[in-house]
Amino acid sequence: MALDSNDNQENIDWAKEAYARLKRQQEEKKEKLKIEQEVEASKKEEVIDNTPLLTEEVIIDSSNIENSLENDLNEPELGDFDESFTWSAQVLAAQGKRPEEISLDQIDWLSKLKEGLEKTRKGFVTELLEKFGDDPLTPEALDELEVLLLRSDVGVAATDQIINALRRRLNEEVLDSKAALKFLKEQLSKIIDKPIKESGIDLLMPQHNVLNVWLLVGVNGVGKTTTLGKLANLALRSGFTSLIAAADTFRAAAVQQVKEWGFKSGVSVIANETPNADPASVVFDAIGAAKAKGIELLLVDTAGRLQTKNNLMEELKKVRKIIDKLAPTANVESLLVLDATQGQNGLSQALAFAQSANLTGVVITKLDGSARGGVAFAVSSRANLPIRFIGAGEGISDLKPFNSFEFVEALLANR
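Report follows, based on the coordinates. (Residues numbered from 1 in each chain as written. Predicted model: local features only at pLDDT ≥ 70, side-chain atom pairs only at ≥ 80, totals over all residues. Heavy atoms only, no water.)

### Regarding the packing of aromatic side chains
Inference 1: In total, this model carries six aromatic pairs according to the counting rule given.
Inference 2: Judged by centre distance (5.5 Å) and plane angle (55 degrees), the rings of Phe402 and Phe407 are tilted. Grouping residues by exposure puts Phe402 and Phe407 together as buried.
Inference 3: Grouping aromatic residues by their ring pairs yields a cluster made of Tyr19, Phe81 and Phe85.
Inference 4: The cationic tip of Lys264 hangs over the ring face of Trp261; the distance from NZ or CZ to the ring centre is 4.4 Å. (Phe/Tyr/Trp six-rings, centres within 6.5 Å; stacked < 30°, edge-to-face > 60°. Buried < 20%, exposed > 50% of the residue type's maximum accessible area, 1.4 Å probe, protein only. Lys NZ or Arg CZ within 6 Å of the ring centre and 35° of its normal.)

Listed below in structure tokens is the structure:
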């Protein structure tokens, strides 16, 4: 399954219908908000002194309705019916979605993902299309493609797999540029899907009515705490009760940073602000609180760096033992947070953490600031870890569950 590079009338009609539905929904929401604000203003007028000054202060300014909608993190403003919208709509349609099933949040995220991968795409797709041209794919073009893949941090193992598959295909038939690009997309998707399928979990999410414990691990500076805050907000908006454990007690201001993200996310934080407090004791208290309150998802921020790597790994093992002892039936995930801008250094981190931290998945951050988005394929092929979430933006809602089809289409979008 891959998008056709050429628009057709059916795709345009589908996108137009989806756009019209979203536009209508947004207008209905604006009208509802306007009525609610007018009713609220009327109530206020009834309980205040009827002086000219106070009366003026409660008059509804309709322009504020537009501003409040634009600032709504959960429901972004619908833009123009442009190429960004039609591309996003086509990606959703290619996955079997109907116009009435898509949301503005989905459209907005795909637009951000495509924009976020712009740096990687500029150094990869532009040259790729030039190499392919309009002529059939040649062995010489494959050699140049190999260089492009390595330059984008796809990694040696994944690059070899892709190039060998293309060579076998070339031995069987002639591939024009369109067919070659489609086949390349299929191979990239196959690499990144393999560890996801082997895990038996296509989409990682907490289970309702049981305790789920997700540990976020990784070195300092990769966006671990920020990712934790965004995950907390995502869980809350998805209908799960959540709690945060501030177990990174060794980094200055780390606890305060977690508290700030907890406030932004609307999620409570269990913390001990004593300098160099025992992380395991924080997790101990957090599990007790989670059980008492019937929390479904406990997110644990772990230390990113101690005096030596061995100390860090031992601390992670200690935290894991506490979880296994106090919550033996909990669903536990150990997610490594990787900074896409670090490229192959991120892959080295994944391999180093994999055994000691009992990793079950990866979260890739800062895709919007990197020309090395190809590292996702290196992580999948070398570390054999499923990518669970990706971040492409600074906003609290700019972290989403990973979708390999959408990722590959955004990476290889040619317009």
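### A few points about the side chain of Glu406
Inference 1: Following the sequence through the fold, Glu406 ends up in helix H17 (residues 404-411).
Inference 2: In this structure Glu406 is buried but unpaired, with Lys97 as the nearest side chain of opposite charge at 7.3 Å.
Inference 3: A distance of 3.0 Å separates a polar atom in the side chain of Glu406 from a polar atom in the side chain of Gln95.
Inference 4: Excluding residues that lie within four positions of it along the chain, Glu406 makes contacts with Val91, Leu92, Gln95, Trp109, Leu110 and Leu113. (Helix = DSSP H or I, 4+ residues; strand = E, 2+ residues; numbered from the N terminus. Lys, Arg positive; Asp, Glu negative; His and termini not counted. Salt bridge = Lys/Arg side-chain N within 4 Å of Asp/Glu carboxyl O. Polar contact = N/O pair within 3.5 Å; in protein donor to acceptor, adjacent residues only side chain to side chain. Contact = heavy atoms within 4.5 Å.)

### Regarding the pairing of strand E1 (residues 212-217)
Inference 1: Summarising burial for E1: six of the six residues are buried, a large majority.
Inference 2: The alternating pattern of E1 places Asn212, Trp214 and Leu216 and Val213, Leu215 and Val217 on opposite faces, both of which are buried.
Inference 3: Sheet topology note: the E1/strand E4 (residues 297-301) ladder contains five bridges and is parallel. Bridge pairing in E4 links Leu216 to Asp301.
Inference 4: Strand direction decides the pairing type here: E1 and strand E5 (residues 331-339), joined by six bridges, are parallel. Directly across from Leu216, in E5, lies its bridge partner Leu335. (Pairing = 2+ DSSP bridges.)

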